[in-house]
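# Breakdown of the fold
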Amino acid sequence: MFKKILIANRGEIACRVIKTARKMGILTVAVYSEADKDALHVDLADEAVCIGPAASKESYLVADKIIAACKQTGAEAVHPGYGFLSENSEFSRRLEEEGVKFIGPKHYSSSKMGDKIESKKLALEAKVNTIPGYNAAISGPAEAVEIAKGIGYPVMIKASAGGGGKGLRVAFNDQEAFEGFASCVNEAKNAFGDDRVFIEKYVLEPRHIEIQLIGDSFGNYVYLNERDCSIQRRHQKVIEEAPSPFVDPAMRKAMGEQAVALARAVNYESAGTVEFVVGADKSFYFLEMNTRLQVEHPVTELITGVDLVELMIRVAYGEKLPITQDDVQLNGWSMECRINAEDPFRGFLPSTGRLVKFQPPKETTDANGTTRVDTGVYDGGEISMFYDSMIAKLIVHAKDRNSAIERMRDALNGFVIRGISSNIPFQAALMQHKRFHSGN
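Residues numbered from 1 in each chain as written. Predicted model: local features only at pLDDT ≥ 70, side-chain atom pairs only at ≥ 80, totals over all residues. Heavy atoms only, no water.

A few words now on the state of the cysteines. The full count for this structure, using the stated rule, is zero disulfides. Cysteine cysteine 70 is unpaired, with the sulfur of cysteine 50 as its nearest cysteine sulfur at 15 Å. Between cysteine 229, a cysteine without a disulfide, and cysteine 337, which holds the nearest cysteine sulfur, the sulfur-to-sulfur distance is 12 Å. (Disulfide = S-S within 2.5 Å.)

If you want it as structure tokens, here you go:
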């Protein structure tokens, strides 16, 4: 097994990887920016290397600095977490050239899945359900209107390199298709430096349901059930749960097998997530593949008993998966609330400053379930203006969905944050909402 790994990330995911590595007897190296010199992940790691100024484009996003830190410390592998360089195929290729293992998929797999047009073509070849649409780049707004009419309104106009809701427009008629195409192209060019746009059918009453999978270098794959991530605000996930209240066993099997077929088509190694948009009639269509660990991976861990970070490390080292599809469990119900430093009473404006008090609920496992807190902050720490607003993930597990909601409600009520604003009141209100309770 690896003797030492470097975590090319910060915050709660860096802390989580360090804890798993420690459990496996692996030494860890934290990298940090000048703004993160007092961060929790720096304190937890065995070694730490400063890689530059606060701005991520001068620190966490600079591959050369990560590689230099590996050479300086003798780290044999890099776990990228999520965000930053986690889905950068050029970064994983560079590491491979330097003789450092990337704890994630091979560069050719992430490259193919990172392009929405290319990945949809691969999905079609692998006989994965895809949304009716036009997958080639479109020349102009007039052609966009003709294509939209051919597919049938409503349609979704999407940037090939898009994500997080950027470079996305929904059109219900010719005028909206014409105008939406032009604004989508402009936004895509500015945000991603790539103005290619495609059009597909817009699924009414959609759900966002994703399949977690993992593969090894021996061609073995398992899917670890589904997560329902339909509760979103501005295309960003807010609450995630596993399993989904909407998915039945036959649907789970069909989605899981299609996700594995897609992973097999690109010789995928490591943990990955195939995201589907699901209609009210239980039809499901491939959306994209995330070639990394997901923020919401803990809910899958709690219903399956599988440590995804540990499996990623073992697969990267060259070990075979220790489980088969028949070994995958589905026990109880799990939910995750993303606790963000933002003010729900002021349009969710980011909130930064000192955590005068940070007192999460106690992590427990008892006869009724589990309460878990993944975080990268501490009482008296600083919430920086330079990075993502998420300060913690609150995860619960219980025997069924109603019990999980009840446990989450109690955990939210016991979560104390002072000095900055958080979205806890918003999360608590969602837990009380009748439509959420009904699974609708």
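As summarised here, the arrangement of the five strands in space is 3-2-1-4-5, forming an open sheet in which the pairing is parallel. Strands at the two margins of the open sheet, each flanked by one partner only, are strand 3 (47-50) and strand 5 (101-102). Bridge count between strand 2 (residues 27-32) and strand 3: four bridges; the pairing is parallel. Its bridge partner being in strand 3, valine 29 is matched across the sheet by glutamate 47. Strand contacts of helix 1 (residues 11-23): strand 1 (4-7), strand 2 and strand 4 (77-79), with the helix running at about 170 degrees to strand 1, the strand carrying the most contacts. (Pairing = 2+ DSSP bridges. Helix = DSSP H or I, 4+ residues; strand = E, 2+ residues; numbered from the N terminus. Contact = heavy atoms within 4.5 Å. Axes fitted to C-alpha atoms, helices over the stretch in contact; angles between N-to-C directions.)

Moving on: empty space enclosed by the protein. In total, this model carries one cavity of 30 Å³ or more according to the counting rule given. If you add up the space inside the largest cavity, you get close to 50 Å³. If you trace the largest cavity, you find it lined by Lys116, Lys120, Lys158, Phe198, Glu200, Phe286 and Leu287. For the lining of the largest cavity, the secondary structure elements donating two or more residues are helix 6 (116-125), strand 9 (197-201) and strand 14 (284-290). A class-by-class count of the residues in the lining of the largest cavity yields three nonpolar, no polar and four charged. (1 Å grid on protein atoms, 1.4 Å probe; cavity = no way out; pocket = protein on both sides within 12 Å on 5 of 7 lines; lining within 4 Å. Points joined across faces, edges and corners; volume = space filled by probe spheres on them. Nonpolar A, V, L, I, M, F, W, Y, C, P; charged D, E, K, R; others polar.)

Attention now moves to the layout of surface pockets. When its volume is computed, the second largest pocket comes out at roughly 590 Å³. In terms of lining residues, the second largest pocket is bounded by 23 residues, among which Arg207, Ser230, Ile231, Arg435 and Asn440 are the most central. Take the lining of the second largest pocket: its biggest share by element is five residues, from strand 11 (residues 221-233). Looking at the lining of the second largest pocket, its residues break down into 10 nonpolar, five polar and eight charged.

Tallying each qualifying case throughout the model produces 38 salt bridges. What emerges from the salt-bridge pattern is a single network uniting Arg16, Lys23, Glu301, Asp307, Glu310, Arg314, Glu319, Arg372 and Asp374. (Salt bridge = Lys/Arg side-chain N within 4 Å of Asp/Glu carboxyl O.)

Bringing the packing of aromatic side chains into the picture now. Per the counting criterion, the structure on display carries nine aromatic pairs. Judged by centre distance (5.4 Å) and plane angle (90 degrees), the rings of phenylalanine 276 and phenylalanine 284 are edge-to-face. The exposure classification of phenylalanine 276 matches that of phenylalanine 284, with both residues buried. Three or more aromatic residues joined by ring pairs form one cluster here, namely Tyr60, Phe84, Phe386 and Tyr387. Across from the ring centre of phenylalanine 218, 5.2 Å away, lies the NZ or CZ of lysine 320, which sits over that ring. Seen from the ring of phenylalanine 436, arginine 401 lies directly overhead, with NZ or CZ sitting 4.8 Å from the centre. (Phe/Tyr/Trp six-rings, centres within 6.5 Å; stacked < 30°, edge-to-face > 60°. Buried < 20%, exposed > 50% of the residue type's maximum accessible area, 1.4 Å probe, protein only. Lys NZ or Arg CZ within 6 Å of the ring centre and 35° of its normal.)

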